[in-house]
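An overview of the molecular structure
If you want the building blocks of each chain, they are given just below.
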Amino acid sequence: MTLSIHWRLDPAAEPRRSEPGAWQRLPALARDRRVSTQNRFDYFLQVAQAAAQTAFDGLFVRHRIEADESRIIAAIIARAVPHIHVVPEFPASVGSAVYAAKQATTFQRAAHDRLGWAIAPDAGPAGREAQADFVSDGDLAQRLDEFLTVARGVHRERPFSFKGSYFEVENGGFDAPLNRASFPRVYLQGSGDAALALSGRHADVHLFAPASTEALAKDIARLNALADGRSVAAGLIQPLLVRDDRQTAERDAQDRPLAPGTLVASYDEAAEILAGFAAIGITELVLEATPTLEEAYRIGQHLLPRLRALTSAARQAA
């Protein structure tokens with residue numbers, strides 16, 4: 001089975017890059033009256049172009065309430081960078097499931113079906129309330145279930161009716177040409193049987209957090225069991241710090257805070273580990289590292305060719 005590899009952009013990371021308001025100010029004796037020709041979105045485009053040029057299959061755009069809106073970033077990228085798939089992350093609290101589905105069909109028509117949906121984990125109670133979201137913790141899974149039910153329903157059926165606790169539609173659905181666009185590929189995440197069962201009902205891909213090969217194999221088996229015959233691909237979100245050799249990687253790791261589960265290794269070691277995940281059923285990788293632009297080139301040029309060679313050889317041997 002083909003391995004799809006995505007790069008992940010965090011709009012909140014590296015806030016000074018290409019942000020005119022964050023540039024170092026000149027001394028009071030001088031004023032810089034030059035008009036900036038670049039801003040933060042040009043940096044996002046650079047990251048997307050780096051991912052496309054180094055043969056990543058897609059670009060994930062993280063949801064960050066304190067940063068620019070992921071779906072707008074994704075739309076800008078999709079029109080400017082051909083071929084690469086774009087997957088914005090957003091929570092189910094964004095509003096109307098019908099309108100979210102309509103936005104998706106418009107995006108698909110503009111980008112030739114290159115949109116995915118990654119549903120972001122909900123924030124804690126205080127964070128949700130700050131965003132005008134007062135749904136209780138115990139009801140979040142039901143809201144997400146209804147959100148995806150309605151979004152898919154209005155896309156594929158007309159008339160479509162539904163009445164739930166959070167969404168209600170009466171004789172809805174899209175006419176042509178909107179209903180001719182593909183529904184976005186849906187990525188869900190989370191641990192535990194409830195999250196896996198929800199993916200079994202709605203996801204195209206369930207994204208797991210970093211774990212050992214043995215733990216991931218058990219999780220994939222559980223996902224398949226809970227999917228009850230429905231095909232759900234298994235994916236992995238994997239932060240990286242990779243260099244020519246392990247010693248250099250470990251030395252560089254000492255100079256920075258790393259995300260939990262970060263793989264610190266040489267290119268060859270990382271390729272072997274990631275290929276091992278592919279061998280147990282991981283078919284989608286979402287890779288991330290900082291600084292985002294430079295690491296996209298580094299990983300795309302040095303790690304991806306090694307990884308694709310290993311997984312290609314494994315497919316041929318099978």
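Described below are features of the structure shown in this document.

**Digging into the overall build of the chain**
Looking only at helices and strands, the chain has ten helices and eleven strands in total. Rg of the C-alpha trace for the chain: 21 Å, near the compact-globule value of 20 Å for 318 residues, within the 12% margin. For the chain, the spread of C-alpha atoms along the principal axes amounts to about 60 × 60 × 40 Å. When the 318 residues of the chain are sorted by exposure, 45% land in the buried category. Positive and negative side-chain charges of the chain, numbering 35 and 39 respectively, have mean locations separated by a distance of 5 Å.

**Regarding the pairing of strand β11 (residues 282–288)**
Burial within β11 is extensive, with seven of its seven residues counted as buried. Judged from the six bridges that link them, strand β9 (residues 233–243) and β11 form a sheet pairing that is parallel. Residue pairing in the sheet places A234 in a bridge with I282 of β11.

**Some points on helix α1 (residues 40–53)**
Taking 1.5 Å as the rise per residue, α1 with 14 residues should run 20 Å; its terminal C-alpha atoms sit 20 Å apart, in good agreement. For α1, every residue scored as buried is listed here: R40, Y43, F44, L45, V47, A48, A50 and A51. Buried residues along α1 sit against β1 (4–9), β2 (58–61), α2 (70–80) and α10 (292–317). The residue sitting at the N-terminus of α1 and contributing the capping side-chain oxygen is N39; that oxygen lies 3.0 Å from the backbone nitrogen of F41. Downstream of α1 by one or two residues, A55 has phi in the positive range, about 70°.

**Some remarks on the environment of R62**
Structurally, R62 is set in the loop between β2 and α2. The sequence separation of R62 and F44 amounts to 18 residues, and the corresponding C-alpha distance is 12 Å. Not counting residues within four places of it along the chain, the set of residues in contact with R62 comprises R8, L9, D10, P11, S70, E89 and E288.

**Structural notes on the nonpolar core**
Counting 77 residues, the largest nonpolar core has W7, L59, W117, L287 and I299 as its most contacted members. Counting residues per element, this core draws most heavily on α1, which supplies seven residues. Counting residues in each nonpolar core, the second largest holds nine residues, with F60, A118, A233 and V286 among its members.

**Looking at the side chain of T105**
You can see T105 is positioned in helix α3 (residues 97–111). Given the relative accessible area of 1%, T105 is considered buried. Reaching out from T105, the side chain makes a polar contact with the backbone oxygen of K102 at a distance of 2.7 Å.

**So, the packing of aromatic side chains**
Each pair of aromatic rings is reported with the distance of its centres and the angle of its planes. Applying the stated criterion to the full structure yields nine aromatic pairs. Arranged with centres 5.0 Å apart and planes meeting at 80°, the rings of F60 and Y187 form a pair that is edge-to-face. Here the residue F60 occupies a position in strand β2, and Y187 occupies one in strand β7 (residues 185–189), the gap between them amounting to 127 residues. The exposure class of Y187 is buried, given its relative accessible area of 3%. In textbook terms, an aromatic cluster arises when at least three aromatic residues are bridged by ring pairs, as seen for F90, W117, F147, F167 and F183.

**What about the pattern of salt bridges?**
Under the defined criterion, the tally for this structure stands at 22 salt bridges. Here E288 ties to R8 by a salt bridge, and the two come within 3.2 Å at their closest N and O atoms. Remark: R8 occurs in strand β1 and E288 occurs in strand β11; sequence separation between them is 280 residues. Take E288: its relative accessible area is 15%, and that puts it in the buried class. Its salt-bridge partner being D10, residue R64 comes within 2.9 Å of it at the nearest N-O pair. Of the two residues, R64 sits in the loop between β2 and α2 while D10 sits in the loop between β1 and α1, which places them 54 residues apart along the sequence. You can call D10 buried: its relative accessible area is 15%.

**Regarding the environment of H155**
With respect to the helices and strands, H155 occurs in helix α5 (residues 140–156). Residues H155 and P177, spaced 22 residues apart in sequence, show a C-alpha to C-alpha distance of 11 Å. The residues contacting H155, other than those within four sequence positions of it, are T105, F174, N179, A181, S182 and F183.

Calculation rules
- Residues numbered from 1 in each chain as written.
- Predicted model: local features only at pLDDT ≥ 70, side-chain atom pairs only at ≥ 80, totals over all residues.
- Heavy atoms only, no water.
- Helix = DSSP H or I, 4+ residues; strand = E, 2+ residues; numbered from the N terminus.
- Rg over C-alpha atoms; globule rule 2.2 N^0.38 Å.
- Buried < 20%, exposed > 50% of the residue type's maximum accessible area, 1.4 Å probe, protein only.
- Lys, Arg positive; Asp, Glu negative; His and termini not counted.
- Charge placed at Lys NZ, Arg CZ, Asp CG, Glu CD.
- Pairing = 2+ DSSP bridges.
- Expected span 1.5 Å × (residues − 1).
- Contact = heavy atoms within 4.5 Å.
- Polar contact = N/O pair within 3.5 Å; in protein donor to acceptor, adjacent residues only side chain to side chain.
- Core = buried A, V, L, I, M, F, W, Y, C linked by side-chain atoms within 4.5 Å.
- Phe/Tyr/Trp six-rings, centres within 6.5 Å; stacked < 30°, edge-to-face > 60°.
- Salt bridge = Lys/Arg side-chain N within 4 Å of Asp/Glu carboxyl O.

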